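The chain contents come next:
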Amino acid sequence: MTHRAITYISMFMPVTSNPDTGFRLWIDLVIGLTKTTAVTFPTLLCRAAKFNVGNIDWKPHIPWVFNTLLHDLNLPVGEAHTFAGLPIISKKLCSTKIEIIVWMMGADSTAVVLEHLKILTQTYHSYLHPSNRGRWTMKLVGFVNCVCQVLLKRIEMEDTRGRVVQV
């Protein structure tokens, strides 16, 4: 698929919880495609998560989402000159994946998401030590900042809508 086609699909795919026309018609197919091919739909999954807090069972997909985010952080493994993963991803893609994680919290998924977030922070904790500075430092600081911003944005949105904050 081309980038333009993925953009159109992400913009116009229904993300409501209507059983006849909503996300239930396509979510398993899109997640399956994203897991098995190079085609990714982070914006579409983010919209689905944002507009259906607590309605989507994210539990089977949470480890995969966190693994892809860890892979995208592209932290060095082993020697200082050896890097695992693909080239550095864009800030937009990283922030979209963080939004997916933040909006996945709801109903039964909250505890699992928070546990994986704890494991992720423990994973990169040593990379943020003052004596362990490198090319990854600013990326991780940006990641932590982005998580805080997205989480605060969600709390603010739910608070202004009069909804109960589920985080």
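As the structure is a computational prediction, the values presented were derived from the model and not from experiment.

So, the overall build of the protein
Stage number 1. Regarding its fold elements, the protein presents seven helices and zero strands.
Stage number 2. Buried residues in the protein amount to 37% of all 167 residues.
Stage number 3. Taking the intrachain contacts of the protein between residues at least 6 apart in sequence as the baseline, contacts between residues at least 24 apart amount to 64%.
Stage number 4. Just so you have it, the protein exposes about 9,900 Å², and 61% of that area is on carbon and sulfur atoms.

A few points about a nonpolar patch on the surface
Stage number 1. Judged by side-chain polarity, Tyr8, Met11 and Phe12 come together as a nonpolar surface patch covering roughly 370 Å² of accessible area.
Stage number 2. Along the chain, Tyr8 turns up in helix H1 (residues 3–12).
Stage number 3. Judged by its relative accessible area of 45%, Tyr8 falls in the partly exposed class.

Quick word on the nonpolar core
Stage number 1. Ranked by size, the top nonpolar core spans 41 residues in total, and within it Trp26, Ile27, Trp58, Phe66, Ile98, Met104 and Phe143 carry the most contacts.
Stage number 2. Elements supplying a minimum of two residues to this core: helix H2 (27–36), helix H3 (42–51), helix H4 (62–73), helix H5 (91–104), helix H6 (110–124) and helix H7 (136–160).
Stage number 3. Other than its neighbours up to four places away in sequence, Met104 contacts Ala49, Trp58, Ile62, Val65, Phe66, Ser109 and Val113.

Regarding the pattern of salt bridges
Stage number 1. Going through the model one piece at a time under the given rule, you end up with two salt bridges.
Stage number 2. Among the ionic pairs, Asp72 bridges to Lys97, the shortest N-O distance being 2.3 Å. Taken as a pair, Asp72 in helix H4 and Lys97 in helix H5 lie far apart in primary sequence, 25 residues in all.
Stage number 3. Asp72 gets classed as buried once you look at its relative accessible area, which sits at 10%.
Stage number 4. On the basis of relative accessibility, which here comes to 14%, the residue Lys97 falls in the buried class.
Stage number 5. For Glu158, the salt bridge identified is with Arg154, shortest N-O distance 2.9 Å.

What to know about the packing of aromatic side chains
Stage number 1. Tallied over the entire structure, the rule returns two aromatic pairs.
Stage number 2. Measuring from ring centre to ring centre gives 5.8 Å for Tyr127 and Trp136, while their planes differ by 80 degrees; the resulting arrangement is edge-to-face.
Stage number 3. Owing to a relative accessible area of 15%, Tyr127 belongs among the buried residues under this scheme.
Stage number 4. Taking relative accessible area as the criterion, Trp136 reaches 10% and is therefore assigned buried.

As for the confidence of the model for the protein
Stage number 1. Looking at the protein, pLDDT values average 78 and 81% of them are 70 or higher.
Stage number 2. Taken element by element, the predicted model of the protein shows its lowest mean pLDDT in H1 (78) and its highest in H6 (89).

Quick notes on the packing of H1 against H3
Stage number 1. Relative to each other, H1 and H3 sit at 10 degrees, their axes nearing to 8 Å. Taken together, H1 and H3 sit at an angle that is classed as roughly parallel. Taking contact as the criterion, the partners of Ile9, Ser10, Met11 and Phe12 in H1 are, on H3, Thr43, Leu44 and Arg47.
Stage number 2. Per-class residue counts for the contact of H1 with H3 are four nonpolar, two polar and one charged.

Here we look at the side chain of Ser109
Stage number 1. Looking at the element boundaries, Ser109 is found in the loop between H5 and H6.
Stage number 2. By relative accessible area, which is 3% here, Ser109 ends up buried.

Concerning empty space enclosed by the protein
Stage number 1. Under the criterion given, the structure shown has two cavities of 30 Å³ or more.
Stage number 2. Space inside the largest cavity adds up to approximately 40 Å³.
Stage number 3. Forming the walls of the largest cavity are Ile98, Ile101, Val102, Met105, Leu117, Val147 and Leu151.
Stage number 4. Among the secondary structure elements, those contributing two or more residues to the lining of the largest cavity are H5 and H7.
Stage number 5. Tallying contributions element by element places H5 first for the lining of the largest cavity, with three residues.
Stage number 6. Computed from the structure, the second largest cavity encloses a volume of approximately 30 Å³.
Stage number 7. Along its surface, the second largest cavity is lined by Lys50, Glu99, Trp103, Val150 and Lys153.
Stage number 8. Breaking the lining of the second largest cavity down by element, the ones donating at least two residues are H5 and H7.

Thresholds applied
- Residues numbered from 1 in each chain as written.
- Predicted model: local features only at pLDDT ≥ 70, side-chain atom pairs only at ≥ 80, totals over all residues.
- Heavy atoms only, no water.
- Helix = DSSP H or I, 4+ residues; strand = E, 2+ residues; numbered from the N terminus.
- Buried < 20%, exposed > 50% of the residue type's maximum accessible area, 1.4 Å probe, protein only.
- Contact = heavy atoms within 4.5 Å.
- Areas by Shrake-Rupley, 256 points an atom, 1.4 Å probe, with all protein chains shown as cover.
- Patch = residues over 30% accessible without salt bridge, like charges linked within 9 Å, V, L, I, M, F, W, Y side chains within 5 Å.
- Salt bridge = Lys/Arg side-chain N within 4 Å of Asp/Glu carboxyl O.
- Core = buried A, V, L, I, M, F, W, Y, C linked by side-chain atoms within 4.5 Å.
- Phe/Tyr/Trp six-rings, centres within 6.5 Å; stacked < 30°, edge-to-face > 60°.
- pLDDT = per-residue confidence, 0-100.
- Axes fitted to C-alpha atoms, helices over the stretch in contact; angles between N-to-C directions.
- Parallel < 35°, antiparallel > 145°, perpendicular 65-115°, else oblique.
- Nonpolar A, V, L, I, M, F, W, Y, C, P; charged D, E, K, R; others polar.
- 1 Å grid on protein atoms, 1.4 Å probe; cavity = no way out; pocket = protein on both sides within 12 Å on 5 of 7 lines; lining within 4 Å.
- Points joined across faces, edges and corners; volume = space filled by probe spheres on them.

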